[in-house]
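An overview of the molecular structure
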Amino acid sequence: MPLDFAAFDTRGYRTVDVRTGYREWVPTYEDTVQDAMDIALLDDLGSVDWAGRAADLGCGTGRTAAWLRAHGVERIDGVDLTPEMLEVARERGAHDTLREGDVAATGLESGAYDLVVASLVDEHLESLHPLYAEAMRLARPGGAFVLVCFHPHFIMATGMPTHFTGASGEPLAIATHVHLLSDHVTAGLDTGWTLAEMREGVIDDRWIAVKPKWERLRHHPISVAYAWRRPA
């Protein structure tokens, strides 16, 4: 079970559910999420063959899919809970198919994917095991599962949930859970994955350039990427 975010919360923002939050965030989402959070970690992974067919879970506006396309992935099927996010992804055109659905119950074809990717979704899940199990169902033998997450250290040290500024100017939090690194390792191993690689992103010059007030957080980890392999 995740740690209760309420024990770390220093903001006290009104919290909304995932679908409501991302529906309202759509107009400013692309301007808010920094590539240093997730794309930079994808760039750093050396154990993944970026090719073949991919399932993009929690695909959002298609940022991850655009990166995958640019790095050689030939076909991408996206799933997201929020129709408004899917509409932006559809306009971007990086996916072959898009469907509304839960990352833990996608309805996609079993054993059909060389690569399963989920980026910046785990903090919204109460339990990690269903996500890891669904990724295992989708991946072919020898396939990979790449998961990019907020680092639990960052959430705990700052007391900052996933949040955005609503149309009214009110800061709104989206339901956030704290999963330790060991929670991911346990969930992955329990569902049969082999951990091939792990990378952690820290607050560095790239971050300070866009968020100068974070100088006090320099060198703190902010995100983490896991590359898992399904046994052949």
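Refer to the structure above for everything that follows.
About the thresholds
- Residues numbered from 1 in each chain as written.
- Predicted model: local features only at pLDDT ≥ 70, side-chain atom pairs only at ≥ 80, totals over all residues.
- Heavy atoms only, no water.
- Helix = DSSP H or I, 4+ residues; strand = E, 2+ residues; numbered from the N terminus.
- Rg over C-alpha atoms; globule rule 2.2 N^0.38 Å.
- Buried < 20%, exposed > 50% of the residue type's maximum accessible area, 1.4 Å probe, protein only.
- Contact = heavy atoms within 4.5 Å.
- Areas by Shrake-Rupley, 256 points an atom, 1.4 Å probe, with all protein chains shown as cover.
- Lys, Arg positive; Asp, Glu negative; His and termini not counted.
- Charge placed at Lys NZ, Arg CZ, Asp CG, Glu CD.
- Pairing = 2+ DSSP bridges.
- Axes fitted to C-alpha atoms, helices over the stretch in contact; angles between N-to-C directions.
- Salt bridge = Lys/Arg side-chain N within 4 Å of Asp/Glu carboxyl O.
- Nonpolar A, V, L, I, M, F, W, Y, C, P; charged D, E, K, R; others polar.
- Phe/Tyr/Trp six-rings, centres within 6.5 Å; stacked < 30°, edge-to-face > 60°.

Secondary structure assignment for the chain yields eight helices and 10 strands. Relative to the 2.2 N^0.38 estimate, which gives 17 Å for 232 residues, the radius of gyration of the chain is 17 Å and therefore close to what a compact globule would have. When its C-alpha atoms are laid out on the principal axes, the chain stretches across 45 × 35 × 35 Å. Burial statistics for the chain: of 232 residues in total, 51% are counted as buried. Restricting to contacts in the chain with at least 6 residues of sequence separation, those with at least 24 account for 73%. Surface summary for the chain: the accessible area is close to 10000 Å², and the carbon and sulfur share equals 51%. On the chain, the mean spot of the 21 positive side-chain charges and the mean spot of the 35 negative ones are 2 Å from each other.

Attention now goes to the pairing of strand 10 (residues 221-229). With eight of its nine residues buried, strand 10 lies for the most part within the structure. Bridge count for strand 6 (residues 139-150) against strand 10 is seven bridges, and the pairing is antiparallel. Pairing of C149 across the sheet is with V224, part of strand 10. Where strand 9 (residues 194-202) lies against strand 10, eight bridges are found, and the strand directions are antiparallel. Paired with G201 across the bridge in strand 10 is S223.

Next up on the list: the pairing of strand 8 (residues 171-174). Consecutive side chains of a regular strand alternate in pointing toward one face of the sheet and then the other. For strand 1 (residues 14-16) and strand 8, the ladder comprises three bridges, and the chain directions are parallel. Each residue of the ladder has a partner; that of V16, found in strand 8, is I174. Pairing geometry for strand 7 (residues 163-165) and strand 8, over three bridges, is antiparallel. Its bridge partner being in strand 8, F164 is matched across the sheet by L172. The turn linking strand 7 back onto strand 8 is made up of five residues, and G169 within it adopts a positive phi angle of 95 degrees.

Across the sheet, which stays open at both edges, the three strands sit in the order 1-8-7 with mixed pairing between neighbours. Each edge of the open sheet carries a strand with a single partner, namely strand 1 and strand 7. Adjacent strand axes in the sheet meet at a mean angle of 35 degrees, parallel and antiparallel pairs treated alike. Along the sheet, helix 1 (residues 18-32) contacts strand 1, strand 7 and strand 8; its crossing angle with strand 8, the most-contacted strand, is approximately 135 degrees.

Moving on, we come to the pattern of salt bridges. Applying the stated criterion to the full structure yields 16 salt bridges. When the shortest N-O distance is used, the salt bridge between R63 and D38 registers 2.7 Å. One end of the pair, R63, is in helix 3 (residues 63-70); the other, D38, is in the loop between helix 1 and helix 2 (39-44), and 25 residues separate them in sequence. Pair check on accessibility: R63 and D38 agree, each one buried. In the salt-bridge network here, residues are joined through shared partners; they are R53, R75, D77 and E109.

Viewed as axis vectors pointing N to C, helix 1 and helix 4 (residues 83-92) meet at an angle of 35 degrees, and their least axial separation amounts to 7 Å. Of the residues in helix 4, those touching helix 1 at R19, Y22, R23, V26, Y29 and E30 are P83, E84, M85, V88 and R92. Taken together, the residues of the contact of helix 1 with helix 4 break down into six nonpolar, no polar and five charged.

Here we come to the packing of aromatic side chains. All chains considered together, the criterion is met by 12 aromatic pairs. Ring centres 6.2 Å apart and planes at 15 degrees place the aromatic pair F150 and F154 in the stacked group. By the ring-pair criterion, three or more aromatic residues cluster together here, those being Y132, F145, W193, Y226 and W228.

Moving on, we come to the side chain of D38. What makes D38 buried here is its relative accessible area of 1%. Setting aside residues up to four positions removed in sequence, D38 forms contacts with R63, S119, L120 and V148.

Quick look at helix 5 (residues 129-138) now. By the burial criterion, the buried members of helix 5 are L131, Y132, E134, A135, M136 and L138. Against the buried residues of helix 5 lie strand 2 (53-57), strand 5 (113-119), strand 6, helix 7 (181-190) and strand 10.

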